[in-house]
Amino acid sequence: MRIVVKPSRSQQPSTSFLNSGVPEKRLLKGTLGLGFILMVFLVVIPLVVIILGGHQSPLPIWLREVGVWARGGLEDNFVTSKGPKDKHLGGLLPAGFHEESCLSRYQSASYRKASSHLLSHYLLRRLRKYEALHRRCGPNTALYNKTLEQLKKRCNNETAECNYVLWIPFSGLGNRMLTLASAFLYTLLTNRVLLIHTDASMNDLFCEPFPHTSWLVPSDFPMKGFPKFSSNSPRCYGKMLRRKASANNSDDVVKQRLPAYAYLHLFHDYDDFDMHFFCEDDQKFLQNIPWLVIGSDNYFAPSLFSIPSYEEELSRLFPKRDTVFHHLGRYLFHPTNTVWGMITRYYQAYLAKAKERVGIQIRIFNRGSPFMNILDQILACSLRENLLPDINTKGPIVSMTNKGISKAVLVTCLHSEVYEKMKTMYYEHPAVTGEIIGVYQPSHEQVQQTKEEMHNKKAWAEIYLLSLTDVLVTSAWSTFGYVAQGLGGLKPWILIRSENMTMPDPPCRRALSMDPCFHNPPTFYCHGKRDVDEVLGSHVRYCEDMSSGLKLVDEA
């Protein structure tokens, strides 16, 4: 039985406007409207993003983040890549480029496994913010020209809207790439614009990394001749501090007229005064100088973590500390079409069909080391860590398998002797596992030719090819190997340097992280601190291949 209760007269709905059913209808419509909007945001937009995610036209970053969330890819404020075909690498690479001008930028995802190292949302926002700053302050803009006038007049009498870091090249290609990444990190921390001076040896190596602008110093730049900067240069910051110390006047540097530029000497031979660059108070002073020229042969990024005012920003940019060069390197360094052609042709010819690719990077610092000793160490490491199979000297000469190449071994070295012996070994004898081992070496230049353009193109191609391998063995101290491991997101096995030409025990050691080693960290610590752990914290360790060096590691 259904009971119907009729309202009393006092409960009857009023016919007045205030108590009429109109507001209730409007409230109902408003509720439905809000529900519809919420449904669009929670269902429709994510579906559109998922469907269009692979479309050639990139989505705005906020839509990409919604799409990542919709696919369940948002975790602990990190962005995950959509897979090996995600040409924007999870939002790391910006849109707005003419793709044919730099094929490697968006084709690299087809050659490289998707990175397992997550990007922070904050890093992506900061990169987009930096790109906007570079467009506003880059070469030949009104603000650039205004700041340039101060540099031409060698004066600094007003606050500049745009401030710059000017990077100058030194040493081999590996060192240059490491210092360039470090300089870019510094620009992110200080809201400066990175400009680079390139000599003829760097022509046609890297694509422009920032859309709708350039990072190259224009041909009419007033310091285009670039004096031979050194620790004794008049505008060297370390020398300014030495003058202050010799004058015994604590206010000497502050009282003098601020220079239009200062040179930062961060080479391996820098002294305590140059090392003041890594101190908080000195960073505050340097903020007032519009042009900072950086000369270095070091990957100095780890010691930026020792500066208190940058600590929080760095932790937001890189929650996983050992991803600094991995993310910045993939963002900055894209081979030009010329170099990309060298890379892709070699990869397709020798590496593409292998089930596994093993990279072996050899740097011979002591030319007197017998090549057989080096080969023995590589084989000892490879067998011990199960990277390569041993050979069968007594078994059947013909392999019983008809399968293709199981492992492709890519050897990079200035010399060919180790490659020839390894190739002959696997050519004359079958592997005990029955695998087919192919050994390849793209070039052997004999000597390093830092000033030669084609030499650097080959070096860049080989670094990149090493970064595409699945397993990597590198030589101790080699910046060439550091760049390859960082770009590839690989923790290599490092060949221990031999003492007295004897086999090290163990022959190799697994790297603690993929981030490069800072070979010459400062030995002068600010405010009297002398303990490395006290200065840099738990995210820094001594390097595996250089006991005095420091590297970033993941705290977890």
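By the naming in an unreviewed UniProt entry, the protein chain goes by Fucosyltransferase and is assigned to Elaeis guineensis var. tenera. For the protein chain, the Sequence similarities (unreviewed entry) comment in UniProt is given as "Belongs to the glycosyltransferase 37 family." Here the protein chain is described in UniProt, under the heading Subcellular location (unreviewed entry), as follows: "Golgi apparatus, Golgi stack membrane".

Participant: Any chance you could break down the overall build of the protein chain for me, citing the residues and the numbers?
Facilitator: Each helix and strand in the protein chain was counted, giving 18 helices and 14 strands. Considering only contacts in the protein chain between residues 6 or more positions apart, those separated by 24 or more positions represent 74%. Accessible area of the protein chain: about 26600 Å², with a carbon and sulfur share of 54%.

Participant: Give me the packing of helix α14 (residues 371–384) against helix α15 (residues 417–428): which residues, what numbers.
Facilitator: Put simply, α14 and α15 touch, their axes get as near as 9 Å, and they point 55 degrees apart. Classified by the angle their axes make, α14 and α15 are oblique. Of the two possible hands of crossing, α14 and α15 adopt the one that is right-handed. Along the contact surface, α14 presents Phe371, Met372, Ile374, Leu375, Ile378 and Leu379, while α15 presents Glu417, Val418, Lys421, Met422 and Met425. Partitioned by chemical class, the residues of the contact of α14 with α15 number nine nonpolar, no polar and two charged.

Participant: Account for the state of the cysteines, with residues named and values stated.
Facilitator: For the structure shown, the criterion picks out five disulfides. Shown here is the disulfide that connects Cys279 with Cys526, its sulfur atoms set 1.9 Å apart. Disulfide Cys279-Cys526: the torsion about the S-S bond is -95 degrees, which places it as left-handed. Of this pair, Cys279 sits in the loop between β5 (261–266) and α9 (280–286) while Cys526 is found in the loop between β12 (508–510) and α18 (532–536), placing the two residues 247 residues apart along the sequence. Take Cys279: its relative accessible area is 5%, and that puts it in the buried class.

Participant: Tell me about helix α12 (residues 324–332), and name the residues and values.
Facilitator: Of all the nine residues making up α12, nine are buried; the element is thus mostly covered by neighbouring parts of the structure. By the burial criterion, the buried members of α12 are Val324, Phe325, His326, His327, Leu328, Gly329, Arg330, Tyr331 and Leu332. Against β2 (119–120), α4 (121–137), α6 (173–190), α10 (301–304), α17 (479–488) and β14 (550–552) lie the buried residues of α12.

Participant: Describe helix α13 (residues 337–351), listing the residues and the values that go with them.
Facilitator: Its 15 residues give α13 an end-to-end C-alpha distance of 20 Å, which sits within 8% of 21 Å, the value for a rise of 1.5 Å per residue. At its buried positions, α13 is contacted by α3 (103–107), β7 (356–361), β8 (407–412), β9 (437–440) and α16 (453–467).

Participant: Before we move on, can you summarise the sheet that holds β8 with the specific residues and values?
Facilitator: Overall, mixed pairing links the six strands, which are arranged β9-β8-β7-β10-β11-β12 in an open sheet. Edge positions in the sheet fall to β9 and β12, since each of these pairs with one other strand and no more. Each adjacent strand pair in this sheet contributes to an overall mean axis angle of 20 degrees, direction not counted. Lying on the sheet, α16 is in contact with β7, β8 and β10 (471–475); it crosses β8 at an angle near 145 degrees. Of the strands in this sheet, β7, β8 and β10 touch α17, which is tilted by about 160 degrees from β10.

Participant: Go over the packing of α6 against α12, please, and point to the residues and values.
Facilitator: Here α6 crosses α12 at 95 degrees, and the two axes come no closer than 10 Å. Relative to α12, the element α6 lies roughly perpendicular. Here Met177, Leu178, Leu180, Ala181, Phe184, Leu185 and Leu188 of α6 come into contact with α12, specifically with Val324, Phe325, Leu328, Tyr331 and Leu332. Considered class by class, the residues forming the contact of α6 with α12 number twelve nonpolar, no polar and no charged.

Participant: Kindly report on the nonpolar core, identifying the contributing residues and their values.
Facilitator: Core analysis: the largest hydrophobic core is formed by 119 residues, its most contacted members being Phe184, Leu194 and Trp460. The dominant element in this core, judged by the number of residues it contributes, is α6, at eleven residues. Among all residues touching Trp460, those that are not within four sequence positions of it are Leu173, Met177, Leu205, Phe206, Phe333, His334, Pro335, Val339 and Leu487. Of all hydrophobic cores here, the second largest spans 29 residues; its members include Ile360, Met425, Ile437 and Val439.

Participant: Account for the confidence of the model for the protein chain, with residues named and values stated.
Facilitator: The pLDDT averaged across the protein chain works out to 83; a share of 78% of its residues lies at or above 70. Contacts of residues 1–32 to residues separated by more than four positions or lying in other chains number five contacts, the stretch itself having pLDDT below 50.

Participant: Report on unusual backbone geometry, specifying residues and quantitative values.
Facilitator: With an omega of 5 degrees, the peptide bond running from Asp505 to Pro506 counts as cis. Note that Pro506 resides in the loop between β11 (493–495) and β12. With a phi close to 70 degrees, Ser171 is a non-glycine residue in the positive phi region. Residue position: Ser171 is located in the loop between β3 (164–167) and α6. Of the residues examined, Ser171 reaches a relative accessible area of 27% and is grouped as partly exposed. We note that Asn191 has phi near 55 degrees; this positive angle belongs to a residue other than glycine. One can find Asn191 in the loop between α6 and β4 (193–196). Since its relative accessible area comes to 46%, Asn191 is described here as partly exposed.

Participant: Outline the packing of aromatic side chains, listing residues and values.
Facilitator: To describe a pair of aromatic rings, you give the distance between the ring centres and the angle between the ring planes. All told, the structure shown has 29 aromatic pairs when counted by the stated rule. Residues Tyr299 and Phe325 carry aromatic rings whose centres are separated by 6.1 Å and whose planes lie at 85 degrees to one another, so their mutual orientation is edge-to-face. You can see Tyr299 sitting in the loop between β6 (291–296) and α10 and its partner Phe325 sitting in helix α12, a full 26 residues away along the chain. The same class applies to Tyr299 as to Phe325, namely buried. In this structure, Arg105 is placed above the aromatic ring of Phe97, and the distance from its NZ or CZ to the ring centre is 3.5 Å. Above the ring of Trp477, the side-chain terminus of Arg497 is found at 3.9 Å from the ring centroid.

Participant: Lay out the environment of Ser406 with the relevant residues and their values.
Facilitator: Checked against the element boundaries, Ser406 lands in the loop between α14 and β8. Sequence separation of Ser406 and Gly434 is 28 residues, and the distance between their C-alpha atoms is 9.2 Å. Not counting the four nearest positions on each side in its chain, Ser406 is found in contact with Ala354, Lys355, Glu356, Glu435 and Ile436.

Participant: Can you tell me about the environment of Leu550, naming the residues and giving the values?
Facilitator: Summarising the element assignment, Leu550 is placed in strand β14. Taking the C-alpha atoms as reference points, Leu550 and Tyr299, 251 residues apart in sequence, are found 9.8 Å from one another.

Calculation rules
- As a convention, each chain's residues are numbered from 1 in the sequence order in which they are written.
- In view of the model being predicted, local features appear only for residues whose pLDDT reaches at least 70, and side-chain atom pairs are presented and counted only at 80 or more, with totals across whole chains, interfaces and linings using the full set of residues.
- To obtain the side-chain values, all non-hydrogen atoms of the structure were used and water was disregarded.
- UniProt positions are given in the numbering used here, feature names are shortened, and annotations may be inferred rather than shown by experiment.
- The way it works is that DSSP assigns letters per residue, a run of H or I at least four long becomes a helix, a run of E at least two long becomes a strand, and they are numbered from the N terminus.
- Only heavy atoms matter for contacts: two residues are in contact if any of them lie within 4.5 Å across the pair.
- The protein chains shown are the only cover counted for residues, whose accessible areas, like all others here, come from Shrake-Rupley with a 1.4 Å probe.
- To obtain each axis, a line is fitted to C-alpha atoms, and for helices this fit is confined to the stretch in contact; angles are then taken between N-to-C directions over 0 to 180 degrees.
- Here the angle decides the label: under 35 degrees means roughly parallel, over 145 means roughly antiparallel, 65 to 115 means roughly perpendicular, and every other value means oblique.
- Put simply, a crossing is left-handed when the front helix is turned counterclockwise from the back one by less than a right angle, and right-handed when it is turned clockwise.
- The nonpolar class holds Ala, Val, Leu, Ile, Met, Phe, Trp, Tyr, Cys and Pro. Asp, Glu, Lys and Arg form the charged class, and all remaining residues, Gly among them, are polar.
- Disulfide: a pair of cysteine sulfur atoms within 2.5 Å of each other.
- Partly exposed residues are those whose accessible area sits between 20% and 50% of the maximum for their type, while under 20% is buried and over 50% is exposed, using a 1.4 Å probe and protein chains only.
- By this rule, a helix spans an expected 1.5 Å times one less than how many residues it contains.
- A pair of strands is labelled paired if DSSP reports no fewer than 2 bridges between them.
- Working definition of a nonpolar core: buried Ala, Val, Leu, Ile, Met, Phe, Trp, Tyr and Cys residues. They are joined through side-chain atoms within 4.5 Å.
- As a per-residue measure, pLDDT tells how confident the predictor is, with possible values from 0 to 100.
- Only Phe, Tyr and Trp rings are paired, with Trp represented by its six-membered ring, and only when their centres lie within 6.5 Å; those with planes under 30 degrees apart are stacked, over 60 edge-to-face, the remainder tilted.
- The criterion is that NZ of a Lys, or CZ of an Arg, lies within 6 Å of the ring centre and within 35 degrees of the ring normal, and then a charge sits over that ring.

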